[in-house]
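# Structural description and commentary
In case you want the letters, here they are:
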Amino acid sequence: MRAAFQATGTAWLQPSATAFRAASGMLHTPDRDSHDHPDSPDKEDESGQRLRTIFISDIHLGTAGCQAEELLEFLKTYRCDYLYLVGDIVDGWQLRRRWFWPQSHNDVVQKLLRRARKGCKVIFVPGNHDEFARGFVGHQFGGIEVREDAVHTTADGRTLWVTHGDYFDGVIQCAKWLAYLGDNAYEFTLKLNRYLNGLRARLGLPYWSLSAYLKQKVKTALNYVMDFEVAVAQEARSRGHDGVVCGHIHRAEMRDIQGTLYCNDGDWVESRTALVEHMDGRLELLHWDTVCSARTANLAVAPETVTPLSSNGSRIRS
Ligand SMILES: [Mn+2]
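Residues numbered from 1 in each chain as written. Predicted model: local features only at pLDDT ≥ 70, side-chain atom pairs only at ≥ 80, totals over all residues.

## As for the overall build of the protein chain
Short version of the rule: Runs of E in the DSSP output that reach at least two residues are strands. Runs of H or I that reach at least four are helices, and both are numbered from the N terminus. Exposed residues have 12 or fewer other C-beta atoms within 10 Å of their own C-beta, buried residues have 20 or more, and residues in between are partly exposed; the C-beta atoms are placed from the backbone. Contacts are defined on C-beta atoms placed from the backbone: any two residues whose C-beta positions lie within 7 Å are in contact.
For the protein chain, the count of helices and strands is 11 helices and 12 strands. Burial analysis of the protein chain (318 residues in total) assigns 33% to the buried set. Contacts spanning at least 24 positions in sequence make up 71% of the contacts within the protein chain whose residues lie at least 6 apart.

See below:
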């Protein structure tokens, strides 16, 4: 696996014209926050729960499936010292086929650039869908560092190898056209997913991911996920790290694989997940849906500010 990893490292460093257009468009489109002057005080960045690190991947900006609004909400909720963008942030494959770039997608890019500007260390490790950025490894985009891969040291001293994970994907390694084909089918399920969830919302039912469900079924049958996870963990161990953070398969996970910590931060197309490191080095998988339902529950509880009385008249402590 290591040989395969190294052999393919620079095979596709071919920045395309579209990619350049995407990149320059992002950097030069005016910020919707007109008062966002570099020197102006930033209330938003002062608020929010503080985390040491956030790892997110598979945002797929430039596709209709990207849940940019939800991601913006997530980024507003948490501030951090380190932010790792673990690949497939911009979907160059889809953009090349059809230009799709709504304001919310631009807002995500602006938000990430703003983080870097405000002193957060932002590191971008490109994936296969934004492989155009692999041509810019070692460079910076408005303070965002582009790296082939990275090593993050947690507050409690563990080292985590950060890689997107597509190098381990047999399908993509062997035949790119096969992956493109799969990509089209995937786009279709995402469309169907949006339609179904539109219906479900009207019926008052909660969000449910069809493609996540299908993929779970299909990929479990192929044993693909397991092989992927084991291969990535093994590579991290052979490089001498305590664990690995990756994305790519859109399946959030955090578990021990033969003594190596395997973390997959999931995606922002279906599962809406992130891997976060708390200030003490503790790692946690955050599911945005869970955060939202907890918030709703708190809001429902909030009006009841008066502590209920117990049978003997004293206040019940909770
Ligand atoms: Mn990928």
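## Observations concerning unusual backbone geometry
Trans is the prevailing form of peptide bonds, just as negative phi is the prevailing case for residues other than glycine. Of note, H248 is a non-glycine position whose phi angle comes to about 75°, a positive value. Structurally, the position occupied by H248 is in the loop between β8 (243-246) and β9 (253-257). Exposure remark for H248: the 26 C-beta atoms within 10 Å place this residue in the buried category. Positive phi is not limited to glycine here, since H250 has a value of about 55°. Assignment of secondary structure puts H250 in the loop between β8 and β9.

## A word on the sheet that holds strand β6 (residues 150-153)
Operational definition: When DSSP finds two or more bridges between two strands, those strands count as paired. Lines are fitted to the C-alpha atoms to define the axes, a helix being fitted only along its stretch in contact, and any angle between axes, read from their N-to-C directions, falls within 0 to 180 degrees.
Taken in spatial order, the 5 strands of this open sheet run β6-β7-β8-β10-β9, and their pairing is mixed. Each edge of the open sheet is held by one strand with a lone partner, namely β6 and β9. Ignoring which end each strand starts from, the neighbouring axes of this sheet average 20° apart. Sheet topology places strand β7 (residues 159-162) next to β8; 3 bridges connect them, and they run parallel. Pairing of V162 across the sheet is with V245, part of β8. Contacts from helix α10 (residues 224-238) reach β7, β8, β9 and β10 (260-264) within the one sheet, and its direction differs from that of β10 by about 125°.

## Some words on the nonpolar core
It is characteristic of soluble globular proteins that their nonpolar side chains tend to be buried jointly. To keep it simple, the criterion reads: For our purposes the nonpolar core covers buried Ala, Val, Leu, Ile, Met, Phe, Trp, Tyr and Cys residues that link as a set through C-beta atoms within 7 Å.
Counting 51 residues, the largest nonpolar core has L85, V86, V244 and V245 as the members making the most contacts within it. Those residues in contact with L85, other than ones at most four positions away along the chain, are I56, S57, V122, I123, F124 and V125.

## Remarks on helix α4 (residues 68-77)
Cut-off, in case you're wondering: Directions from the helix axis toward the C-beta atoms define the arc.
Considered for burial, the residues of α4 that qualify are A68, L71, F74 and L75. Buried residues of α4, viewed axially, fall in a sector of 115°; they line one side.

## Digging into the environment of A212
Examined against the element boundaries, A212 turns out to sit in helix α9 (residues 210-222). Sequence separation of A212 and S271 is 59 residues, and the distance between their C-alpha atoms is 7.4 Å. The residues contacting A212, other than those within four sequence positions of it, are E270 and S271.

## A word on the pairing of strand β12 (residues 283-287)
Relative to β12, strand β11 (residues 273-277) runs antiparallel, the two being bridged by 5 bridges. Residue pairing across strands places E277 opposite L283, the latter belonging to β12. Adjacent in sequence and paired antiparallel, β11 and β12 are bridged by 5 residues, among which G281 carries a positive phi angle near 95°.

## Describing the confidence of the model for the protein chain
Using the following cut-off: On a scale of 0 to 100, pLDDT captures the predictor's confidence in every residue.
In this model, the protein chain carries an average pLDDT of 80, and 71% of its residues clear a pLDDT of 70 or more. Within the model, pLDDT remains below 50 along residues 1-42, and this stretch shows 42 contacts once partners closer than five positions in the same chain are excluded.

## Let's talk about helix α6 (residues 103-117)
Applicable threshold: One less than the residue count of a helix, multiplied by 1.5 Å, gives the span that helix is expected to have.
Its 15 residues place the ends of α6 21 Å apart at the C-alpha level, agreeing with the 21 Å of an ideal helix rising 1.5 Å per residue. When α6 is considered as a whole, its buried residues turn out to be H105, V108, V109, Q110, L112, R114 and R115. G119 occupies a position one or two residues after α6 and carries a positive phi of about 100°.

## Description of the environment of K111
Here K111 is to be found in helix α6. A count of 18 C-beta atoms within 10 Å places K111 in the partly exposed class. C-alpha separation for the pair K111 and K76, spaced 35 residues apart in sequence, amounts to 9.1 Å. Beyond its immediate chain neighbours, meaning those up to four positions away, K111 contacts L72 and L75.

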